[in-house]
Amino acid sequence: MVSTSDFEPDVFHAISHRARREMLDQLTDDERSVSVIASHFSMSRPAVSQHLRVLLDAGLVTERKHGRERRYRLVPEKLAPVRDWIAHYERFWDDHLQRLQNHLSKKSEP
Amino acid sequence: MTNNTIQRELLLPQSQQQVWDAIANSAALADWMYPNDFEPRVGHPFTFQVPPKPEIGFEGLTVRCEVLECEPPSWLVFSWSVAGPVIDTRVSFRLQPEGNGTRLFFEHAGFDLTQPGGKQAFGGAQYGWGQMLEKLSTVLSNQGIHENQP
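Each chain has its residues counted from 1, running along the sequence as written. Each chain takes a letter, starting from A, and each ligand takes a number, starting from 1, following the order in which they are written. Only residues with pLDDT of at least 70 get local features here, since the model is predicted, and only at 80 or more are side-chain atom pairs given and counted; chain-wide, interface and lining totals rely on the full set of residues.

With that settled, the discussion passes to the overall build of chain B. Numbering of helices and strands runs from the N terminus; a helix is a DSSP stretch of H or I covering at least four residues, while a strand is a stretch of E covering at least two. Of the regular secondary structure elements, chain B holds three helices and six strands. Seen in sequence order, chain B has helices and strands lined up from the N terminus as β-α-α-β-β-β-β-β-α. Remark: C-beta atoms are placed from the backbone, and a residue is labelled buried if 20 or more other C-beta atoms sit within 10 Å of its own, exposed if 12 or fewer do, or partly exposed between those counts. Considering chain B as a whole, with its 150 residues, one finds that 27% of them fall into the buried category. Long-range pairs, those at least 24 residues apart, make up 44% of the contacts in chain B between residues at least 6 apart in sequence. Each residue is represented by a C-beta atom placed from its backbone, and any two residues with such atoms within 7 Å are regarded as in contact.

So this is what it looks like as structure tokens:
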């Protein structure tokens, strides 16, 4: 299989798991250590680390050592492909709602 | 952050019935959306046929829908399924009289980028979905209003 590791669907893959989305949500306001992140989940610490690894590989978070622990920080601009994707649909509906209005004004002309 | 809903609110000068007739009617929908076999009946499955545009390599697209709720003249909900993350999303229109006109609350909800099957869908995304969307977006911006274009 061709490697597409730098291709944006990795971001989609990374957010395709509920736990990873929740991890990202936790990181929206500040960086957090693994133990703080893990305290929100019932899964094992290694499982949490594995999910964080996926987020790290997708570039959605960065990691830095702080004393004995690793802290994770969100890289919000990496979510741009997801927002772009929704933006396609927003444009779709803005166009069509405009068309609806044109349709209505055409109909209500005397 | 990763579950998204598109919402719009419009104040239209037409009466609630006129607006209803424009959204809950196959011929009207064909005018401002796409050719379709809509019927205002709960449980009715229908499709929108987005026509191909060979000049930009867009092969056309079928949007699969089903009427989920229909309460004339104020409330219409249908499902909206294409592919990838757009399976069983929900499009709704709520109409409310306001002054001499009608307030329209539009919502497209349920883009869960990770629904069951989402992973596979995004696997598919790697070879086609993103490209398809890009083409669809070009098609859409080439018709109708261009005000969002640079």
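By definition, a nonpolar core groups buried Ala, Val, Leu, Ile, Met, Phe, Trp, Tyr and Cys residues that are joined through C-beta atoms within 7 Å. Ranked by internal contacts, the top residues of the largest apolar core, which has 23 residues, are Val19, Ile23 and Trp80 of chain B. When residues in this core are grouped by element, the largest group, four residues, is from helix H1 (residues 16–23) of chain B. Apart from the residues within four sequence positions on either side, Trp80 of chain B is in contact with Val63, Cys65, Val86, Thr89, Arg90 and Val91 of chain B. Counting residues in hydrophobic clusters, the runner-up holds 16 residues, among them Ile15, Ala58, Val61 and Tyr72 of chain A.

Residue and element names in this part refer to chain A. Two strands are said to pair when DSSP picks up at least two bridges between them. Strand order in the open sheet formed by three strands is E1-E3-E2, and the pairing between neighbours is antiparallel. At either margin of the open sheet sits one strand with a lone partner, and together these are strand E1 (32–33) and strand E2 (61–66). Of the strand pairs in this sheet, E2 and strand E3 (residues 69–74) are connected by six bridges, and their pairing is antiparallel. Bridge assignment links Lys65 to a residue of E3, and that residue is Arg70.

A word on the confidence of the model for chain B. Residue and element names in this part refer to chain B. Taken as a whole, chain B shows an average pLDDT of 77; of its residues, 68% reach a score of 70 or greater. Low pLDDT, under 50, characterises residues 115–133; the stretch is placed with 27 contacts to residues that sit more than four places away or in other chains. For every residue, the pLDDT score states the predictor's confidence, bounded by 0 at the bottom and 100 at the top. This stretch, residues 140–150, has a pLDDT under 50; its non-local contacts, to residues over four places away or in other chains, come to 13 contacts. Note on the complex model: pTM 0.64, ipTM 0.75.

It is worth spelling out H1 of chain B at this point. What H1 of chain B keeps buried is the set Val19, Trp20, Ala22 and Ile23 of chain B. Down the axis of H1 of chain B, the buried side of the element spans an arc of 160°, and every buried residue falls inside it. Directions pointing from the helix axis toward each C-beta atom define the arc.

Counting along an α-helix, one turn takes 3.6 residues, and residues three or four places apart therefore face a common direction. Listing the buried residues of helix H2 (residues 18–26) of chain A in full gives Arg20, Met23 and Leu24 of chain A. Seen along its axis, H2 of chain A keeps its buried residues to an arc of 100°; they face one direction.

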